[in-house]
Amino acid sequence: MGAGEPVGVRHVAIIMDGNGRWAKKRLLPRAMGHQRGVEAVRRVVRGARELGLEALTLYAFSTENWRRPEEEVSDLMGLMKRFILSDLDEFAQAGVRLRIIGDYSAFKPDVVELIDGAIARTASNTGTTLAVALNYGAQDEIARAATKAAAKGPITPETISAELDTADMPPLDLMIRTSGEVRLSNFLLWQCAYAELYFTDVLWPDFTLDHLREALQCFSGRERRYGGR
Ligand code: FPP
């Protein structure tokens, strides 16, 4: 972590919201909003490395996103493919480890293959972990984890935590949502138990490293008590 950077933040998650509104404001197609959203993803992943975050988890595709028009779903898939093809080299060389939370096996075989390749290529990296949530829903994740925990023995918060998709990641410190919406939309519900929540009106395509720094500063200013005093 560089001099003057906020300390103590290990894991940040972001609900990247507002691509559609960003495009609408400019009378552009929604696809353009998503495209500019990918540029924000690139900025934030680079920033996470610079800031020394151990983990960054991004909500890229929820279980509800399948309900969007086929063309938009296909645009999002195309963007993810292109992002892997264009940026994997840089991130792999920078020590980023890619992981996916959620069931991405529902995606088209060519996308699954690309993702599998990217995971394998970065598996032994030890820098920032970039977790991308794909076809992810927190209630589904908790139900799957509880089922696995029950098959092994007593269900406790610890045995459920150990079976979550985020099991080997540091605890979540900060959850950010852009675009002015103030809800969690089925993202990391279990992991948010003690996380700080940060909501900003900035639309995702406009989100910069300075906005991330601002959120981290706000985190450092808050006193976390974990239920104690
Ligand atoms: C929310 O905007 C954003 C999404 C549903 C998708 C997020 C995906 C990306 C930023 C691009 C792909 C990701 C990677 C990791 C390469 P919205 O469409 O719901 O916006 P709106 O609420 O303003 O309509």
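To be clear, the structure that these remarks concern was listed above.
Reading the values: rules and limits
- Residues numbered from 1 in each chain as written.
- Predicted model: local features only at pLDDT ≥ 70, side-chain atom pairs only at ≥ 80, totals over all residues.
- Heavy atoms only, no water.
- Helix = DSSP H or I, 4+ residues; strand = E, 2+ residues; numbered from the N terminus.
- Rg over C-alpha atoms; globule rule 2.2 N^0.38 Å.
- Buried < 20%, exposed > 50% of the residue type's maximum accessible area, 1.4 Å probe, protein only.
- Contact = heavy atoms within 4.5 Å.
- Areas by Shrake-Rupley, 256 points an atom, 1.4 Å probe, with all protein chains shown as cover.
- Lys, Arg positive; Asp, Glu negative; His and termini not counted.
- Charge placed at Lys NZ, Arg CZ, Asp CG, Glu CD.
- Core = buried A, V, L, I, M, F, W, Y, C linked by side-chain atoms within 4.5 Å.
- Patch = residues over 30% accessible without salt bridge, like charges linked within 9 Å, V, L, I, M, F, W, Y side chains within 5 Å.
- Salt bridge = Lys/Arg side-chain N within 4 Å of Asp/Glu carboxyl O.
- Pairing = 2+ DSSP bridges.
- Axes fitted to C-alpha atoms, helices over the stretch in contact; angles between N-to-C directions.
- Parallel < 35°, antiparallel > 145°, perpendicular 65-115°, else oblique.
- Left-handed = near helix turned anticlockwise from the far one by under 90°.
- Phe/Tyr/Trp six-rings, centres within 6.5 Å; stacked < 30°, edge-to-face > 60°.

Some thoughts on the overall build of the protein chain
Then, number 1: In terms of helices and strands, the protein chain carries seven helices and six strands.
Then, number 2: Along the protein chain, helices (α) and strands (β) appear in the sequence β-α-α-β-α-β-α-β-α-α-β-β-α when read from the amino end.
Then, number 3: What you see for the protein chain is a C-alpha radius of gyration of 17 Å, in line with the 17 Å of a compact globule of 229 residues.
Then, number 4: With the C-alpha coordinates aligned to their principal axes, the bounding extent of the protein chain is approximately 50 × 45 × 35 Å.
Then, number 5: For the protein chain, buried positions account for 48% of its 229 residues.
Then, number 6: Sequence separation of at least 24 residues holds for 76% of the intrachain contacts in the protein chain that already meet a minimum separation of 6.
Then, number 7: Carbon and sulfur atoms form 52% of the exposed surface of the protein chain, whose accessible area is close to 11,500 Å².
Then, number 8: In the protein chain, which carries 29 positive and 31 negative side-chain charges, the distance between the mean positions of the two groups comes to 3 Å.

Some details on the nonpolar core
Here is a general trend for soluble globular proteins: nonpolar side chains tend to be buried in one another's company.
Then, number 1: Judged by nonpolar contacts, the single largest core of 47 residues is most densely connected at Val12, Ile14, Leu56, Phe107, Leu134, Ile176 and Leu212.
Then, number 2: The greatest single-element share of this core, amounting to nine residues, is contributed by helix α3 (residues 70-93).
Then, number 3: One finds Ile101, Leu172, Met175 and Ala195 within the second-largest nonpolar core, a separate group that totals 13 residues.

Description of a nonpolar patch on the surface
Then, number 1: On the surface, a cluster of nonpolar side chains totalling about 250 Å² of accessible area is made up of Val182, Leu197 and Phe199.
Then, number 2: Residue classification places valine 182 among the exposed residues on the basis of a relative accessible area of 61%.

Looking at the pairing of strand β4 (residues 129-136)
Then, number 1: Summarising burial for β4: eight of the eight residues are buried, a large majority.
Then, number 2: Pairing between strand β3 (residues 97-101) and β4: five bridges, direction parallel. Each bridged residue has a counterpart across the sheet, and for isoleucine 101 the counterpart in β4 is alanine 133.

Some thoughts on the environment of arginine 99
Then, number 1: With respect to the helices and strands, arginine 99 occurs in strand β3.
Then, number 2: As for arginine 99 and phenylalanine 187, which are separated by 88 residues in sequence, their C-alpha atoms are 16 Å apart.
Then, number 3: Ignoring any residue separated from it by four or fewer positions in sequence, one finds arginine 99 in contact with Thr129, Leu130, Ala131, Val132, Asp165, Asp168 and Met169.

Focus on the packing of helix α2 (residues 30-51) against α3
Then, number 1: As a packed pair, α2 and α3 sit with axes 10 Å apart at the nearest point and diverge in direction by 30°. Compared by their axis directions, α2 and α3 come out roughly parallel. In this structure, α2 meets α3 at a crossing whose hand is right-handed. Within the contact between the two elements, α2 uses Arg30, Ala31, His34, Gln35, Val38, Val41, Arg42, Val45, Arg46 and Arg49 and α3 uses Glu72, Asp75, Leu76, Leu79, Phe83, Ser86, Asp87, Glu90 and Phe91.

Re the packing of aromatic side chains
Given two aromatic rings, one states the distance between the centres and the angle between the planes to describe the pair.
Then, number 1: The full count for this structure, using the stated rule, is eight aromatic pairs.
Then, number 2: An aromatic cluster is built from Tyr59, Tyr136 and Phe187, whose rings are joined through pairwise contacts.

What about the pattern of salt bridges?
Then, number 1: Enumeration according to the criterion identifies 18 salt bridges in this entry.
Then, number 2: Between glutamate 90 and arginine 49 there is a salt bridge; the shortest N-O distance is 3.5 Å. Taken as a pair, glutamate 90 in helix α3 and arginine 49 in helix α2 lie far apart in primary sequence, 41 residues in all.
Then, number 3: Overall, glutamate 90 belongs to the partly exposed group, its relative accessible area being 29%.
Then, number 4: In this structure, the salt-bridge partner of glutamate 181 is arginine 183, at a minimum N-O distance of 3.2 Å.

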